[in-house]
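What the coordinates show
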Amino acid sequence: MARRADPPAVPALYAFVQPGLETVAADEITRDLQGEVKRTDRGSVVFRMDEITPEVLKLRTTEDVFLLAWGSDSLTYKAGDLETIKRWTAKKADWANLFRLHHSVRPKTKGKPTFHLVCQMQGEHGYRRVDALDAMADGLAGFVPAGWVPAEENAWLEIWLTINGKTAVCGVRLSDRTMRHRTYKTDHVAASLRPTVAAAMVRLAGIGPGMTVLDPMCGAGTILAEAVALCEQRRIREVRYLGGDIDANAVFCAGQNLGRRGAIEPEKWDSTELPVPRRVVDRLICNPPFGKQLEKPEDIPELYDNAVAEWDRVLKPGGKAVILVSEMDALKEAIRPHEWRPLKQMRVRVLGQPAVLSVWQKPE
Ligand SMILES: C[S@@+](CC[C@H](N)C(=O)[O-])C[C@H]1O[C@@H](n2cnc3c(N)ncnc32)[C@H](O)[C@@H]1O
């Protein structure tokens, strides 16, 4: 009797995340996607799923998700890497299987199939990014079906080679730009938060049923929009959302963005004098201005002192605060008199700047 061929293996996946948020993304992959995290590196998480399904596109803390073709930690920085990239691309991946899985998640809609090859490279290498791209293209020769048309923009299928120092990963992109730029976010303000970072802050807050959630400096409303999305996804009911900003344009933008995400009416207010009764807020999630965003960066300590005193007033005993700042020393100084307990601290990069995301609990 003829032996039946084994079904093609399910390849690993990898996700790009904002540097510093790997553990939050790994938690989302494990808990919400039932994936198995295999490895995390700065800016990326490698994981496996029993089956590749469109559910993977619902991740909210990741910037992009790929099917892994091959990966290596042993680039040499020398020109010889180019031959290695070509060989690995030709030999290490089951491209037909990767393409089939891609199509199952991203069915083709109309027109001829289009594809695009992308190479990102960081670090000092003895070859150019375009040489690495050509090496990958050479390795792919014969694997990309003849009818597929190269396209620069909005290609149906993208194959990425990402090189960072001696590490390289090559894969087929499953996500598109909507994974990182949400469709609700049509109105923008300067220094608005990336939705993936807001999603990570919301996860760290641990919102439960019946809670009151406040963003006292809500800008374009990204944090509240992500809070609504997470609570909808997890069926966490009867959450009350409060948000506002000192800037009328920000309040308008937040209203536009949040209008599509449920009943939240952002208010124009000063976060140092909130029109909110004492001890009603369970979770405060906020991204105050960074020093660079103020006309006078030296005003940061005073702003944080006054804002945190007010936040302490409105927070319930045992309530939690998730705060993203670039001036962490000023935030610690502002929190010290209130004796909030530090629960977590992670170093991240936001708008190209180092920042710290911290989680605190007000004493019972
Ligand atoms: C970094 S932005 C917040 C961005 C927001 N998380 C978003 O995703 O769009 C900081 C915001 O704090 C607001 N802000 C500054 N001082 C404030 C104050 N005293 N009260 C309320 N909002 C204030 C600014 O107007 C700005 O919109």
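Before reading further, recall that the structure is shown in the block above.
I will try to describe carefully the structure that is included in this document. (Residues numbered from 1 in each chain as written. Predicted model: local features only at pLDDT ≥ 70, side-chain atom pairs only at ≥ 80, totals over all residues. Heavy atoms only, no water.)

Before going further, it helps to spend a moment on empty space enclosed by the protein. This structure, assessed with the given rule, holds one cavity of 30 Å³ or more. Taken as a whole, the largest cavity spans an internal volume of roughly 50 Å³. Along the walls of the largest cavity sit Glu28, Arg60, Ala199, Val202, Arg203, Glu226, Leu230 and Gln233, which together make up its complete lining. Mapped onto the lining of the largest cavity, the elements with two or more residues apiece are α5 (195-205) and α6 (222-233). (1 Å grid on protein atoms, 1.4 Å probe; cavity = no way out; pocket = protein on both sides within 12 Å on 5 of 7 lines; lining within 4 Å. Points joined across faces, edges and corners; volume = space filled by probe spheres on them. Helix = DSSP H or I, 4+ residues; strand = E, 2+ residues; numbered from the N terminus.)

Before going further, it helps to spend a moment on the sheet that holds strand β2 (residues 36-41). Reading across the sheet, the eight strands line up as β2-β3-β1-β4-β8-β7-β5-β6 and stay open at both edges, with mixed pairing between neighbours. This sheet does not close on itself; its edge strands, each paired only once, are β2 and β6 (149-150). Note: β2 against strand β3 (residues 44-48), five bridges, orientation antiparallel. In the sheet register, valine 37 faces β3, and the bridge partner there is phenylalanine 47. (Pairing = 2+ DSSP bridges.)

What follows deals with the nonpolar core. Counting 47 residues, the largest nonpolar core has Leu13, Phe47, Val56, Trp95, Ile159 and Leu161 as the members making the most contacts within it. Ranked by the residues each element gives to this core, the list is headed by helix α3 (residues 95-105), at five residues. Ignoring sequence-local partners within four residues, the contact set of leucine 161 consists of Trp70, Ile85, Val118, Cys119, Gln120, Ala132, Met136, Ala168, Val169 and Cys170. (Core = buried A, V, L, I, M, F, W, Y, C linked by side-chain atoms within 4.5 Å. Buried < 20%, exposed > 50% of the residue type's maximum accessible area, 1.4 Å probe, protein only. Contact = heavy atoms within 4.5 Å.)

Moving on, we get to the site of the ligand. For the ligand, the set of nearby residues contains 21 residues, the closest of which are Ser192, Ala220, Thr222, Asp245 and Ser271. A distance of 3.0 Å separates an oxygen atom of the ligand from a polar atom in the backbone of leucine 193. When the free accessible area of the ligand is taken as 600 Å², the share hidden by the protein chains comes to 90%. A molecule is said to occupy a pocket when more than half its atoms come within 2 Å of that pocket's grid points, and by this definition the ligand occupies the second largest pocket. In terms of residue class, the shell around the ligand is built from twelve nonpolar, six polar and three charged. (Near = heavy atom within 4 Å. Polar contact = N/O pair within 3.5 Å; in protein donor to acceptor, adjacent residues only side chain to side chain. Areas by Shrake-Rupley, 256 points an atom, 1.4 Å probe, with all protein chains shown as cover. Sits in = over half its atoms within 2 Å of the grid points. Nonpolar A, V, L, I, M, F, W, Y, C, P; charged D, E, K, R; others polar.)

Geometric values such as these leave the question of function open.
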